[in-house]
Amino acid sequence: METRRKKRFIAGATCPACGKMDTMMLYLEHGVEKVTCVQCGDTQVQTQEAVAEASRQAEQVIGVFRPE
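Residues numbered from 1 in each chain as written. Predicted model: local features only at pLDDT ≥ 70, side-chain atom pairs only at ≥ 80, totals over all residues. Heavy atoms only, no water.

Enquirer: Which residues make up the overall build of the protein, and what are the values?
Expert: Within the protein, the regular secondary structure consists of 1 helix and 4 strands. Its helices and strands in sequence order give the protein the pattern β-β-β-β-α, from N to C terminus. The buried share of the protein, taken over its 68 residues, is 16%. At a minimum sequence separation of 6, the contacts of the protein that also span at least 24 residues come to 12%. As displayed, the protein has an accessible area near 6100 Å², and 50% of this comes from carbon and sulfur atoms. (Helix = DSSP H or I, 4+ residues; strand = E, 2+ residues; numbered from the N terminus. Buried < 20%, exposed > 50% of the residue type's maximum accessible area, 1.4 Å probe, protein only. Contact = heavy atoms within 4.5 Å. Areas by Shrake-Rupley, 256 points an atom, 1.4 Å probe, with all protein chains shown as cover.)

Here it is in structure tokens:
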């Protein structure tokens, strides 16, 4: 039995592989977001660990509030 995936197209997005515009489809597969070009089939995946790591590097802690 095949699971249907809800496809959402990203308006104005250009495929990095083939350069076509408005062909990028975003969908969720096994809890992981994937972006695929419907023109050439190029797929990009970003796991949650990569997202967390990238956001942690950009964080700046000003101070820690410790009520007493």
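Moving on from the model shown.
Enquirer: Requested: an account of the nonpolar core, with residues and values cited.
Expert: In this structure, A13, C15, M24, L26, V35 and C37 together form the largest nonpolar core, which totals 6 residues. Among the elements of the structure, strand 2 (24-29) and strand 3 (32-37) are those that each provide at least two residues to this core. Here V35 is in contact with I10, M24, M25, L26, D42, T43 and Q44, once residues within four sequence places are set aside. (Core = buried A, V, L, I, M, F, W, Y, C linked by side-chain atoms within 4.5 Å.)

Enquirer: Give me the pairing of strand 3: which residues, what numbers.
Expert: Inspection of the sheet shows strand 2 paired to strand 3 by 6 bridges, in the antiparallel sense. Paired with M25 across the two strands is T36, which belongs to strand 3. Hairpin geometry of strand 2 and strand 3 is characterised by an intervening segment of 2 residues between the two adjacent antiparallel strands and by a positive phi of about 55 degrees at H30. Pairing analysis gives 3 bridges linking strand 3 to strand 4 (residues 43-45), with the strands arranged antiparallel. For T36, the partnering residue across the bridge sits in strand 4 and is T43. Where strand 3 folds back onto strand 4 in an antiparallel hairpin, the turn is made up of 5 residues, including G41, whose phi is positive at roughly 90 degrees. (Pairing = 2+ DSSP bridges.)

Enquirer: Give a detailed account of the side chain of T36, specifying residues and quantitative values.
Expert: In this structure, T36 sits in strand 3. Within the local environment of T36, its side chain forms a polar contact with the side chain of Y27, the two groups lying 3.1 Å apart. Polar side-chain contacts of T36 include one of 3.2 Å to the side chain of T43. (Polar contact = N/O pair within 3.5 Å; in protein donor to acceptor, adjacent residues only side chain to side chain.)

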